[in-house]
Amino acid sequence: MKAFEWAEATTISEAVQLLKSAPAGNDVDEAARPIAGGQDLLTTMKDYTSRPSRVVNLKRIRGLDGIQGNAKAGLTIGALVTLTQLEEHPVVRASFPGLAEAAHSIATPQIRNLGTVGGNLCQRPRCWYFRLEEVICLKKGGSECYAANGENKYNAIFGGGPSYIVHPSDLAPMLVALGASVSVVGAEGKRVIPLDKFFTLPAEGSIRRENVLRNDDIITHIQVPASPVAARSTYLKFKERESMDFALASVAAVVELGPNKTVARAGLVLGGVAPIPWRASSAEKFLTGKTLSTEVLAEAAKLALEGAQPLEKNAYKVPLTQTLVRRALAKAGQA
Ligand SMILES: Cc1cc2nc3c(=O)[nH]c(=O)nc-3n(C[C@H](O)[C@H](O)[C@H](O)COP(=O)(O)OP(=O)(O)OC[C@H]3O[C@@H](n4cnc5c(N)ncnc54)[C@H](O)[C@@H]3O)c2cc1C
């Protein structure tokens, strides 16, 4: 691990100043980083994926914790809320069950006790080429995505190129499906970013980053809007191991039923298949006005995976995700 300076912040503005004033280094991965639970940042520092000159502790800042609100008003979730607090919160469990399920699906109880919502959304990709200290891949400033023609079993089938990472967060697809946004404070002030505009594809933003945050930006809160559909939400995740593991594929589904049990609105976002939470827009549109029959579920699953471009070793993700789509829609439609 590269030597770094540890800085304590007690206010948001102090944290932003500490991030902004740190020596930037010659590379994006040498910029100062905020630390919350440390469950991802410390790992990336140990393998030199990130080499910050300064690490700014957010945990002493007041006002970044707690979950406020209810089903009617929507939720405001502090960035420092732990994954355990999220999954155990009674309002989240009762009125936003998909969010509680997504939080519960993450890692182990020990990691969920420390990992925070803000850190979960900003964690770095898990592609093993990216995480391997000796490999300087495209995302680390190199010239090649080794997954493109290499061991790509876990990589993207949508939105890949020139890098084929998948987004690792389980909260992200569910929060996108629920229409959530993040409040961010940086040196240039405060802004609110809809979560479906927060994550960036490798071909769009900087290939070295996964979201629109600048080096001195801090997520302070996550807002989940009030919605009659929130209660009919679910998160299904397929893992290779029954114990802790990242998603090979996952599906966040939200279903609002109208008259005669027809779908008034559906939210369908896929995880583990693309560098960002992948919205299945054509399936969402198709579902509107339909009743969730076996045929409709099958067609929605087909549409959700339309346009997938599997790499040599991950074509299995297509039928796997289709199955999860069918099951998630059926479950959310019955809630
Ligand atoms: C063994 C293991 C298994 C895991 N399995 C899963 C899994 O199945 N699903 C899943 O989703 N995750 C999984 N994770 C990842 C884990 O959930 C995240 O590492 C954790 O949620 C990160 O939260 P943290 O508070 O510890 O973040 P930190 O490690 O403190 O930070 C992570 C990143 O976010 C940035 N950051 C933190 N807080 C903020 C903020 N408020 N504003 C801006 N930037 C911020 C940091 O600078 C850093 O870049 C796993 C991790 C491990 C170690």
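Up top is the structure these notes are about.
Residues numbered from 1 in each chain as written. Predicted model: local features only at pLDDT ≥ 70, side-chain atom pairs only at ≥ 80, totals over all residues. Heavy atoms only, no water.

**Student:** Hey, could you run me through the environment of F130 in this one?
**Tutor:** Looking at the secondary structure, you find F130 in helix α8 (residues 128-131). Sequence separation between F130 and H104 is 26 residues; the distance between their C-alpha atoms is 26 Å. Beyond its immediate stretch of four places on either side in the chain, F130 contacts T49, R124, P125, C137, K139 and K140. (Helix = DSSP H or I, 4+ residues; strand = E, 2+ residues; numbered from the N terminus. Contact = heavy atoms within 4.5 Å.)

**Student:** Hey, could you run me through unusual backbone geometry in this one?
**Tutor:** Glycine aside, negative phi is the norm for most residues, and most peptide bonds take the trans geometry. Of note, the bond from G161 into P162 is cis; its omega dihedral lies within 30 degrees of zero at 0°. A positive phi angle, near 65°, is found at Y48, a position not held by glycine. Along the chain, Y48 falls in the loop between α2 (41-46) and β3 (54-57). Of the residues examined, Y48 reaches a relative accessible area of 32% and is grouped as partly exposed. Residue A107 is not a glycine yet carries a positive backbone phi of 45°. Turning to its location among the elements, A107 is positioned in the loop between α5 (97-104) and α6 (109-114). (Buried < 20%, exposed > 50% of the residue type's maximum accessible area, 1.4 Å probe, protein only.)

**Student:** Any chance you could explain the nonpolar core here in plain terms?
**Tutor:** As a rule of thumb, soluble globular proteins bury nonpolar side chains together. Core analysis: the biggest nonpolar cluster contains 40 residues, and I77, L86, L99 and L171 have the highest contact counts within it. Breaking this core down by element, the ones donating at least two residues are β5 (74-78), α3 (83-88), α5, α7 (117-122), α9 (171-177), β6 (181-186), β8 (218-224) and β10 (249-257). Leaving out residues up to four positions away in the same chain, L171 has contacts with L83, L86, L99, A102, A103, I106, V117, N120 and L121. L236, L270, A301 and A304 belong to the second largest nonpolar core, which has 32 residues in total. (Core = buried A, V, L, I, M, F, W, Y, C linked by side-chain atoms within 4.5 Å.)

**Student:** Hey, could you run me through the pairing of β10 in this one?
**Tutor:** Here is the key point about a regular strand: its side chains alternate between the two faces of the sheet. Among the 9 residues of β10, 7 are classified as buried, and the element is accordingly described as predominantly covered. Bridge count for β10 against strand β11 (residues 263-271) is 8 bridges, and the pairing is antiparallel. Its bridge partner lying in β11, S250 is registered against G271. Connecting β10 to the antiparallel partner β11 that follows it, the hairpin turn spans 5 residues, and N260 within it adopts a positive phi of roughly 55°. (Pairing = 2+ DSSP bridges.)

**Student:** I tried to follow the pattern of salt bridges on my own but got confused; where do I start?
**Tutor:** Two side chains that carry opposite charge are able to pair once their charged atoms sit near each other. Evaluation of the coordinates by the stated rule reveals 22 salt bridges. One salt bridge connects D170 with K237, and the closest N-O pair in it is separated by 2.7 Å. Highlighted residues: D170 in the loop between α8 and α9 and K237 in strand β9 (residues 233-238), separated in sequence by 67 residues. With respect to class, D170 is no different from K237; both count as buried. Of the charged contacts, one joins R214 and E188 as a salt bridge, the two residues approaching to 3.6 Å between their closest N and O atoms. Residue R214 is located in the loop between β7 (189-194) and β8, and its partner E188 is located in the loop between β6 and β7; the two are separated by 26 residues in the primary sequence. On the accessibility criterion, E188 (70% relative accessible area) is exposed. Salt bridges sharing common partners tie together D27, D29, E30, R51, R124, K139, R208 and E210. (Salt bridge = Lys/Arg side-chain N within 4 Å of Asp/Glu carboxyl O.)

**Student:** Got a minute to help me understand the sheet that holds β5 in this structure?
**Tutor:** Hydrogen bonding along the main chain pairs the strands of a sheet, whether they run parallel or antiparallel. In space, the 5 strands of this open sheet follow the order β4-β5-β8-β6-β7, with antiparallel pairing throughout. The sheet is open, and its two borders are formed by β4 (67-70) and β7, each paired with just one other strand. On average, each strand axis in the sheet is inclined to that of its neighbour by 15°, with strand direction left out of account. Note that β5 and β8 share 4 bridges and pair antiparallel. (Axes fitted to C-alpha atoms, helices over the stretch in contact; angles between N-to-C directions.)

**Student:** Honestly, the site of the ligand in this entry has me stumped. Any pointers?
**Tutor:** Around the ligand there are 34 residues in total, and P34, G37, L41, T116 and D170 lie nearest to it. T116 places a polar side-chain atom, nitrogen or oxygen, 2.6 Å from an oxygen atom of the ligand. Relative to its free-state accessible area of 960 Å², the ligand is covered by the protein chains to the extent of 95%. Sorting the residues of the shell around the ligand by element identifies β2 (33-35), α7 and β8 as the ones contributing at least two each. (Near = heavy atom within 4 Å. Polar contact = N/O pair within 3.5 Å; in protein donor to acceptor, adjacent residues only side chain to side chain. Areas by Shrake-Rupley, 256 points an atom, 1.4 Å probe, with all protein chains shown as cover.)

**Student:** It is not clear to me how the packing of aromatic side chains should be interpreted in this structure. Could you clarify?
**Tutor:** Aromatic ring pairs are described here by two measures, namely the spacing of the ring centres and the angle between the planes. Tallying each qualifying case throughout the model produces 4 aromatic pairs. Their ring planes at 85° and their centres at 5.4 Å tell us that W128 and Y154 sit as a pair that is edge-to-face. Note that W128 is positioned in helix α8 and Y154 in the loop between α8 and α9, a separation of 26 residues in sequence. For Y154, a relative accessible area of 29% corresponds to the partly exposed category. Between F158 and W278, the aromatic rings sit 5.0 Å apart at their centres with planes inclined by 15°, giving stacked as the arrangement. Placement of the pair is F158 in the loop between α8 and α9 and W278 in strand β12 (residues 278-279), with a sequence separation of 120 residues. Owing to a relative accessible area of 22%, W278 belongs among the partly exposed residues under this scheme. Just above the ring of F130 sits the side chain of K140; from NZ or CZ to the centre is 5.9 Å. For K290, the ring lying beneath its charged end belongs to F286, and the centroid distance is 4.3 Å. (Phe/Tyr/Trp six-rings, centres within 6.5 Å; stacked < 30°, edge-to-face > 60°. Lys NZ or Arg CZ within 6 Å of the ring centre and 35° of its normal.)

Coordinates in, geometry out; function isn't part of it.
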